[in-house]
Amino acid sequence: MPSLLTVLLLPLSWLYAGVMAVRNLLYRTGLNTTVAFAEVPVLNVGNLRVGGTGKTPHVAHLITVLQQLGQSPAMLSRGYGRRTRGYRFATGTDTAATIGDEPLQQFQQFKQAVPVAVCEDRVAGIRQLLSDAPATSVIVLDDAYQHRKVRPSFNILLTEQERPFFEDWVLPAGRLRESRVGAIRADLILVTKCDPLLSEARRQDITRRIRRYARPTVPVLFSTYEYGAPVPVGAAPEPTGTEVLLLTGIAQPEPLRQYLEMAGYRVVHHARFPDHHVFTEAEIAAVAAQLAPGQSVFTTQKDAARLLEPALAAVVRQLPVFYLPIDVRLLADGDARLLELLIPYFQPHAVV
């Protein structure tokens, strides 16, 4: 049942949903134009919700799968949180301030082997990216589900198991950017951050509820997180104890905290900031002041990209700071089904 505050905010949500519905209608009827790209497939990864569904690791997983198919993917993002504007092609001198924390993470994770660019105008961004990286065989769009000016070849919609879109409400009563029926545009729906032991019966129930709003035959896959060993950001090569301070600036840090506690760590303090937070020297100094001997600071890979901004890097590198890398694993036969969905967009000889 919705809370009292949710009920009170619902009239505003209906108004916002109505505005978005009119906008979507204009695109659906062709009164607002969309651009499709014949040169390469354009695969979009997005959501209905504001933040927290796991786009960054799922984009990385998709890029890895495309590479396994023999493709040469490139990624285009808006570059949320950056201090620059317009189109920017990532290079080794870029920082989170110039291209955004998520694009920087992808650029670094793939060791600069995957072209990454940012641009608010996705149409112009795709055109310029194809010019800058002519070997590109597929574009992965990050977080462009509501950017209707581009007509993607394949639309991937993410939703969390713990707060699926079919149980959420449009802003401000909930966290949806548009109404639940926006799921109708999805070619694949991925339920993220699942319990790795999620039963088949539960998966079928979630799928049934999703298809009330999406196309009746839309594929629904399920994924979970697998955390890797701590990666040093600062001077310490590895954690020296089990007591940690957690430092996060992401939308949903709860899965990381739960994993740490299950792995035997004790979180003695959680310095929690909003998504894409720009850390300050004073905030890092406050975290350092709370560190006791034998304790470490754990953070996310996305936060680590911002912690190594030039103004902070010298201080951060002196501290025992670590991030936990995240890998996405699809449940059941998800890997095989994803390949079946992607392969038709490429020439048969690309499959390895």
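Residues numbered from 1 in each chain as written. Predicted model: local features only at pLDDT ≥ 70, side-chain atom pairs only at ≥ 80, totals over all residues. Heavy atoms only, no water.

An unreviewed UniProt entry annotates the protein chain as Tetraacyldisaccharide 4'-kinase originating from Hymenobacter fodinae. Turning to the protein chain, the UniProt record has this under Pathway (unreviewed entry): "Glycolipid biosynthesis; lipid IV(A) biosynthesis; lipid IV(A) from (3R)-3-hydroxytetradecanoyl-[acyl-carrier-protein] and UDP-N-acetyl-alpha-D-glucosamine: step 6/6." If you open the UniProt record of the protein chain and go to Sequence similarities (unreviewed entry), you find "Belongs to the LpxK family." (UniProt positions renumbered as here; feature names shortened; annotations may be inferred.)

A. Highlighting the nonpolar core. Counting residues in hydrophobic clusters, the biggest one holds 43 residues, and the most contacted among them are L62, L66, I156 and L342. It is helix 2 (residues 55-68) that contributes the most residues to this core, six residues altogether. Taken together, domain 1 (4-72 + 137-226 + 331-345) and domain 2 (231-324) each give at least three residues to this core, which thus spans both. Counting residues in each nonpolar core, the second largest holds 21 residues, with Y145, F165, L176 and V220 among its members. (Core = buried A, V, L, I, M, F, W, Y, C linked by side-chain atoms within 4.5 Å. Buried < 20%, exposed > 50% of the residue type's maximum accessible area, 1.4 Å probe, protein only. Helix = DSSP H or I, 4+ residues; strand = E, 2+ residues; numbered from the N terminus. Domains from an automatic or database assignment.)

B. Spatial organisation of the pairing of strand 8 (residues 220-227). Of all eight residues in strand 8, seven are buried, a share of seventy percent or more. Following the backbone out of strand 7 (residues 188-192), through helix 6 (residues 200-210) and into the adjacent parallel strand 8, one traces a crossover that is right-handed. (Right-handed = clockwise from strand over helix to strand, strands pointing away.)

C. Geometry of the domain arrangement of the protein chain. Examined at the domain level, the protein chain breaks down into domain 1 (4-72 + 137-226 + 331-345) and domain 2 (231-324). In this complex, domain 1 contributes six residues to the contact, which on the side of domain 2 involves four residues. Summing the contributions of domain 1 and of domain 2, the shared interface buries around 340 Å²; its carbon and sulfur component is 59%. Per-residue buried area on domain 1 facing domain 2 is highest for R49, G52 and K193; these three make up 55% of the total on that side. Here domain 1 is connected to domain 2 by zero salt bridges. Here the side of domain 1 that touches domain 2 is composed, by residue class, of no nonpolar, three polar and three charged. (Contact = heavy atoms within 4.5 Å. Buried area = accessible area lost by both parts, 1.4 Å probe. Salt bridge = Lys/Arg side-chain N within 4 Å of Asp/Glu carboxyl O. Nonpolar A, V, L, I, M, F, W, Y, C, P; charged D, E, K, R; others polar.)

D. Representation of the sheet that holds strand 13 (residues 321-323) within the structure. The five strands lie next to each other as 9-13-12-10-11, forming an open sheet whose pairing is mixed. If you trace the sheet from one side to the other, it starts and ends with strand 9 (231-232) and strand 11 (266-272), each paired once. Strand direction decides the pairing type here: strand 9 and strand 13, joined by two bridges, are antiparallel. Considered in strand 13, the bridge of V231 is made with Y323. Running over the sheet, helix 7 (residues 254-262) touches strand 10 (243-248), strand 11 and strand 12 (296-299) and is turned about 165° from strand 11. (Pairing = 2+ DSSP bridges. Axes fitted to C-alpha atoms, helices over the stretch in contact; angles between N-to-C directions.)

E. Molecular detail of the packing of aromatic side chains. Inspection of the entire model under this criterion finds eight aromatic pairs. Look at F154 and Y345: their rings are 5.6 Å apart centre to centre, the planes differ by 65°, and that puts the pair in the edge-to-face class. One end of the pair, F154, is in strand 6 (residues 154-160); the other, Y345, is in the segment after helix 11 (334-342), with 191 residues separating them in the sequence. The class for Y345 is partly exposed, based on a relative accessible area of 31%. Taken together through their ring pairs, the aromatic side chains of F165, F166 and Y213 make up a single cluster. Lying across the ring of W169, R180 places its NZ or CZ 5.1 Å from the centre. (Phe/Tyr/Trp six-rings, centres within 6.5 Å; stacked < 30°, edge-to-face > 60°. Lys NZ or Arg CZ within 6 Å of the ring centre and 35° of its normal.)

F. Looking closely at the UniProt feature "binding site: ATP" (unreviewed entry) in the protein chain. Following the UniProt record, the feature "binding site: ATP" (unreviewed entry) maps to R49, V50, G51, G52, T53, G54, K55 and T56 here. As for the annotated residues, the ones lining the largest pocket are V50, G51, G52, T53, G54, K55 and T56. For R49, the position within the fold is in the loop between strand 1 (42-47) and helix 2. When sequence neighbours within four positions are dropped, the list of residues in contact with R49 reads E160, R163, D168, R175, L176, R177 and Q252. (1 Å grid on protein atoms, 1.4 Å probe; cavity = no way out; pocket = protein on both sides within 12 Å on 5 of 7 lines; lining within 4 Å.)

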